[in-house]
Amino acid sequence: MSKKANPTSVGLFLVVGIALSIAGLLLFSSRSLFHPQQKFIIYFNASLKGLNPGAPVKFRGVTIGSIVEILIRHNQAAGDFSMPVVISIDQKLAQSKSDQLLQVNRQSNLDHLISQGFRARLDSESLVTGVLYIALDIVPDAPPPVFHQLTAQYSEIPTMPSQIQQLLEDLAHLDLHGLSEKVGGILTRIDVILSQLDVPGINAGITNLLGSANHLVNTPDLTNSFASLRKALDKAGVLLEHVDGRVDPLADSITNTLYDAQKTLADLRVAVQNVSALIGPDSAVPSELRQALEDLGNAGRAVADLAEFLQRNPHAVLTGRKHLKE
């Protein structure tokens, strides 16, 4: 016979099971209990493939909420085919992570953010998997907001195209046919221009030019000329160094000699003046002697002038007086 179940044990098991269920419920719902959630609605004019309920809602990459529900139509005009998405934002989390920037618990605060460029867009978690999430951001140059609700059931956040959507729209408006025709016309003109070129003649001319240049470079006369020029330059350098070493001592010697000559001529001038005083008009010295003494004085002055000039310009011995004047 089977043993009868103990009612006390069964009751205790039920109580423990219920207590564990309540504890798990409190544990998993504690965030909703202690963090107030606010719902918003967003309308996307694009396919929502890859967007699933529970996907994150991020502000510039930081998770502040999640997707509650994805709808096909809700509270919008008959000709409006945008796809509505209901999201939930953790107010306390959003305010704490944004330093009170995202205070969206009041409509006035939300309107102020929207006027500053607060927008929502679809973004991709991974290009490989195609999983999407909703990205919130403040875009200074955002397009004017467009609202879709007929009656204000939720606070609505306007949207803007994602970068991928914008790229697809730009490609859709691109005139590929016209662009292809322009490229074809350019290629045709290039082909005509190339066909008119005398390519064999150009190749032959380039070949001849290169051959002539090679012959000129390898000519023995040109090589010998460069070698002779190098030797001449080397000899000129040695000569200049030798002349430079000789000029300064020669100039010093000329200067000393001219100094002695100038001093002697000065003494001679004094002697001539003394003799001239002795042979005045009333002197008994013959006139021929007087003329000879005057000529000797003039010669002494000329030599003195030459000595002064050479003392100022000792290099005149090599360069000449005419070169110095120029």
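The following refers to the structure shown. (Residues numbered from 1 in each chain as written. Predicted model: local features only at pLDDT ≥ 70, side-chain atom pairs only at ≥ 80, totals over all residues. Heavy atoms only, no water.)

### Observations concerning the overall build of the chain
Filter applied, for reference: Comment: elements are numbered from the N terminus, with helices defined as DSSP H or I runs of at least four residues and strands as E runs of at least two. Buried, partly exposed and exposed residues are distinguished by accessible area as a fraction of the type maximum, computed with a 1.4 Å probe on protein chains only: under 20%, between the cut-offs, and over 50%, respectively. Per-residue and other accessible areas follow the Shrake-Rupley method at a 1.4 Å probe size, with only the shown protein chains counted as cover for residues.
Within the chain one finds ten helices and seven strands. Counting all 326 residues of the chain, 25% fall into the buried class. For the chain, the computed accessible surface area is about 23300 Å², with 62% contributed by carbon and sulfur atoms.

### Some thoughts on the side chain of Asp137
Worth spelling out the cut-off: Polar contacts here mean pairs of N or O atoms no more than 3.5 Å apart (in protein, one a potential hydrogen donor and the other a potential acceptor; neighbouring residues in sequence count only if both atoms are side-chain atoms). Contacts are assigned to residue pairs that have any heavy atoms within 4.5 Å of one another.
Within the secondary structure, Asp137 sits in strand 6 (residues 132–138). A polar contact is formed between the side chain of Asp137 and the side chain of Arg60, at a distance of 2.5 Å. Aside from chain neighbours lying at most four places away, what touches Asp137 is Phe59, Arg60, Gly117, Phe118, Arg119 and Arg121.

### A closer look at the packing of aromatic side chains
Selection criterion: Two aromatic rings from Phe, Tyr or Trp, using only the six-membered ring of Trp, form a pair when their centres are within 6.5 Å; if the ring planes differ by under 30 degrees the pair is stacked, by over 60 it is edge-to-face, and anything between is tilted.
Evaluated as defined, the whole model comprises one aromatic pair. Both rings, one in Phe59 and one in Phe118, keep their centres 6.5 Å apart while their planes meet at 40°; by these two values the pair is tilted. Within this pair, whereas Phe59 is found in strand 2 (residues 56–59), its partner Phe118 is found in strand 5 (residues 118–124), the two being separated by 59 residues in sequence. Given the relative accessible area of 9%, Phe59 is considered buried. According to the relative accessible area criterion, Phe118 is buried, its value standing at 1%.

### A few points about the pattern of salt bridges
Formally: By convention in these notes, a salt bridge is any Lys or Arg side-chain nitrogen within 4 Å of a carboxyl oxygen on Asp or Glu.
Applying the stated criterion across every chain, the model contains two salt bridges. Here Glu125 ties to Lys58 by a salt bridge, and the two come within 3.4 Å at their closest N and O atoms. Here Glu125 is found in the loop between strand 5 and strand 6, whereas its partner Lys58 is found in strand 2, with 67 residues between them in sequence. Overall, the relative accessible area of 39% leaves Glu125 in the partly exposed class. Lys58 sits in the buried class, given a relative accessible area of 15%. Across the pair Asp137 and Arg60 runs a salt bridge, and its minimum N-O distance is 2.5 Å. Of the two residues, Asp137 is situated in strand 6 and Arg60 in the loop between strand 2 and strand 3 (62–70); the sequence distance between them amounts to 77 residues. On the basis of relative accessibility, which here comes to 17%, the residue Asp137 falls in the buried class.

### Considerations on unusual backbone geometry
For Arg60, which is not glycine, the phi torsion reads 55° and is therefore positive. Taking relative accessible area as the criterion, Arg60 reaches 55% and is therefore assigned exposed. The phi torsion at Asn75 lies on the positive side, around 55°, for a residue other than glycine. The buried category is assigned to Asn75, whose relative accessible area is 16%.

### Considering the pairing of strand 3
Threshold: Strands pair, by our definition, only if DSSP identifies at least two bridges between them.
The sheet contact formed by strand 2 and strand 3 spans four bridges and is antiparallel. Following the sheet pairing, Pro56 is matched in strand 3 by Ser66. Adjacent in sequence and paired antiparallel, strand 2 and strand 3 are bridged by two residues, among which Arg60 carries a positive phi angle near 55°. Bridging between strand 3 and strand 4 (residues 83–90) involves five bridges; their strand directions are antiparallel. Residue pairing in the sheet places Gly65 in a bridge with Ile89 of strand 4.

### Comments concerning the pairing of strand 4
Judged by how many residues are buried, strand 4 sits mostly within the fold: seven of eight residues are covered. Here strand 1 (residues 37–44) runs beside strand 4; their pairing, made up of eight bridges, is antiparallel. Opposite Gln38, over in strand 4, you have Ile89 as the bridge partner.

### Here's the deal with the nonpolar core
Our working definition: In this text, buried Ala, Val, Leu, Ile, Met, Phe, Trp, Tyr and Cys residues form a nonpolar core when linked through side-chain atoms within 4.5 Å.
In this structure, Leu51, Ile87, Phe118, Ile134 and Leu136 are the most contacted members of the largest nonpolar core, which totals 27 residues. Those elements that provide at least two residues to this core are strand 1, strand 2, strand 3, strand 4, helix 3 (107–115), strand 5 and strand 6. With residues up to four places along the chain from it excluded, the contact list for Ile134 reads Ile42, Phe44, Leu51, Pro56, Val57, Lys58, Ile67, Val85, Ile87, Ala120, Arg121 and Leu122.

### Overview of the sheet that holds strand 6
On the basis of which strands lie adjacent, the open sheet formed by seven strands has the order 5-6-2-3-4-1-7 and mixed pairing. At either end of the open sheet lies a strand with only one pairing partner, and these are strand 5 and strand 7 (155–156).

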